[in-house]
Amino acid sequence: MPAVRADLEALTRIPSVSLDAFDQAHVEASAEATAALLRAEGLEVEIVREGGRPAVIGHVDGPPGSRTVMLYAHHDVQPPGDDALWDSAPFEPTEREGRLYGRGAADDKAGIMAHVAALRAHAGSLPVGVTVFVEGEEEIGSDSLPTILERHGEKLRADAIVLADSTNWAIGEPALTTTLRGMIRVVVTVTTLDHGIHSGMFGGAVPDAITALVRLLATLHDADGNVAVAGLKEGVAADLEFSEDRLREESGLLDGVSTIGSGSLLSRIWTKPSITTIGIDAPSVATSSNTLVPSAAAKVSIRLAPDEDDLHAFEVVKAHLLEHAPWGARVEVHLDDRGLGFSADAQGPVYDEARAAFADAWGVEPVDIGVGGSIPFVAAFAERFPEAAILVTGVEDPDARAHGANESLHLGEFEKVCVAEAVLLARLGALPR
């Protein structure tokens, strides 16, 4: 583990942010560093580019007649955001109280190193064939993944696919992720005037676009905070103990602010739709004038039930917004992004061996969980390789703060993740064909 950690820290120091606004030379360097790690373990490695950021594919054969396991992670990371919000430099990995802090330390460079650790544990004598696929643009939507799967899919074909980009239930409690919500993101623009006008001269008779936009957004929820868009699917989450106190602690919900929606908390965050306004284009408080604003826009993120069709959901949301346009305001709705959810039938010998490997590593039985976030590439793998058992695992825990300031990796849990993956390869190698 000391060598694994050292290599993880080296990867974390590479600021491989895949957004266009950042220097893409760092993403190239991250791909090269990942490729070097895999070559050192005896894999045949290539870096592929299919119109997007570089992805790394490595492969090593197993014993004759053995299964092949594909191990997925991604080497690109989210932007660090405001450095002032970090307690240590985002790209200088720093240990505090058993956690390693740094952008990408958890999401998902620890996923890369969990795969490398499993390879090292078998020291050149792998019980199965292994293909490692490390994507370079997961954080910006995996746009070139369909082309990679089309052109390089046969290199990635496997009996089991381990996607190390999720989380565990709690410190000391491992989990397999069996459901993921889908998502759509829309931009809604509301226009009431062909130009801005004096708020004193015309206010009271003429509606401004910001107020109309706020009223329109308010129609997306009922008084209790349930999604009020008719026609969206809902699911029921696993029956696990999850208290409101835990939700408050993990989310940072302020005292006195109530939760929203109805049904179990886990259903609300795992399997029911949710709607969140994540941005508004309007004059800022500091620069605003006494003017009726003619046009305003909002970006809205909608998470969908795991089995919801994303394009159907867009049409349903669009119809709702157009129908509820206040005061005859002109409303335009554009689809900004979309992705399917995932729901696994997590039964069969590969899943049994995965759960046993987790129990071996942690000393407790794992649980099956859902995740409210969306990882659209999981559905892409499920569609491309329908015969493969897909295992969504991860290195994170509820306090990892992936995508936020002070992202971190619990080092004790990370060691268990590495052990579990190494044991899983051994168990799959011993499993009768």
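Details of the structure are given in the entry above.
Quick notes on the rules
- Every chain's residues receive numbers from 1 upward, in the order its sequence appears when written.
- With pLDDT at 70 or above as the cut-off, local features in this predicted model cover only qualifying residues; side-chain atom pairs require 80 or more to be listed or tallied, and sums for whole chains, interfaces and linings still use all residues.
- The side-chain numbers reported here are obtained from all heavy atoms of the structure, hydrogens and water having been left aside.
- For helices, the fitted axis covers only the stretch in contact; all axes are lines through C-alpha atoms, and the angles between them, taken along N-to-C directions, range from 0 to 180 degrees.
- Secondary structure follows DSSP: runs of H or I at least 4 residues long count as helices, runs of E at least 2 residues long count as strands, and numbering of each begins at the N terminus.
- Working rule for handedness: look at the near helix, and if it is turned counterclockwise from the far one by less than a right angle, call the crossing left-handed; if clockwise, right-handed.
- By definition, residues are in contact when any of their heavy atoms lie within 4.5 Å.
- Following DSSP output, two strands are said to pair if at least two bridges run between them.
- A 1.4 Å probe that fits into a set of points on a 1 Å grid over the protein atoms alone but cannot get out defines a cavity; an open set with protein on both sides within 12 Å along at least five of seven lines defines a pocket, and lining residues are those with an atom within 4 Å of a point.
- Grid points are joined across faces, edges and corners, and a volume is the space filled by probe spheres set on the points.
- Residues are sorted three ways: Asp, Glu, Lys and Arg are charged, Ala, Val, Leu, Ile, Met, Phe, Trp, Tyr, Cys and Pro are nonpolar, and all the rest, Gly among them, are polar.
- Residue exposure (1.4 Å probe, protein chains only): buried if accessible area is under 20% of the type maximum, exposed if over 50%, otherwise partly exposed.

Peer 1: How would you sum up the packing of helix H4 (residues 145–156) against helix H11 (residues 376–384)? Please name residues and give values.
Peer 2: Between H4 and H11, the shortest axis-to-axis distance is 11 Å and the interhelical angle comes to 35°. For H4 against H11, the interelement crossing comes out right-handed. Two secondary-structure elements touch here, H4 through Leu145, Leu149, Gly153 and Glu154 and H11 through Phe377, Ala380, Phe381 and Arg384.

Peer 1: Tell me about the sheet that holds strand S18 (residues 408–410), residues and numbers included.
Peer 2: In spatial order, the strands read S4-S5-S18; together these three strands make up an open sheet with antiparallel pairing. Looking at the sheet topology across the chains shown, the edges are occupied by strand S4 (94–96) and S18. Averaged over neighbouring strand pairs, the angle between their axes works out to 25° when direction is ignored. Strand direction decides the pairing type here: S4 and strand S5 (residues 99–101), joined by three bridges, are antiparallel. If you follow Arg96 over to S5, its bridge partner there is Arg99. Taken strand by strand, helix H12 (residues 411–430) contacts S4, S5 and S18, and its axis lies near 65° from that of S18.

Peer 1: Hey, could you go over empty space enclosed by the protein for me, with residue numbers and the actual values?
Peer 2: As enumerated under the stated definition, the model contains one cavity of 30 Å³ or more in all. As for the largest cavity, its lining consists of Val162, Asn168, Ala354, Ala357, Phe358, Trp362, Thr393, Gly394, Val417, Ala420, Glu421 and Leu424. Of all the secondary-structure elements, those providing two or more residues to the lining of the largest cavity are helix H10 (349–362), strand S17 (389–396) and H12. Tallied by class, residues from the lining of the largest cavity come to eight nonpolar, three polar and one charged.

Peer 1: How would you sum up the environment of Glu241? Please name residues and give values.
Peer 2: Relative to the elements of secondary structure, Glu241 occurs in the loop between helix H6 (209–218) and helix H7 (244–251). In this structure Glu241 comes out as exposed when scored by relative accessible area, which is 69%. Each C-alpha atom of the pair Glu241 and Leu265 lies 9.7 Å from the other, and the pair is 24 residues apart in sequence. Filtering out sequence-adjacent residues up to four positions away, Glu241 remains in contact with Trp169 and Arg246.

Peer 1: Describe in detail the sheet that holds strand S13 (residues 295–304), supporting the description with residues and values.
Peer 2: As summarised here, the arrangement of the four strands in space is S11-S13-S9-S14, forming an open sheet in which the pairing is antiparallel. With one partner strand each, in any of the chains shown, strand S11 (274–281) and strand S14 (330–339) form the two edges of the open sheet. Ignoring which end each strand starts from, the neighbouring axes of this sheet average 20° apart. Two elements, S11 and S13, share seven bridges in a ladder whose sense is antiparallel. Pairing of Asp281 across the sheet is with Ala297, part of S13. The strands touched by H6 within the sheet are strand S9 (182–191), S11, S13 and S14, with S13 carrying the most contacts at an inclination of about 15°.

Peer 1: Tell me what's going on with the environment of Pro90, and back it up with residues and numbers.
Peer 2: Assignment of secondary structure puts Pro90 in the loop between strand S3 (68–74) and S4. In this structure, the C-alpha to C-alpha distance between Pro90 and Pro79, residues 11 residues apart in sequence, is 9.5 Å. Apart from the residues within four sequence positions on either side, Pro90 is in contact with Pro80, Asp83, Gly102 and Arg103.

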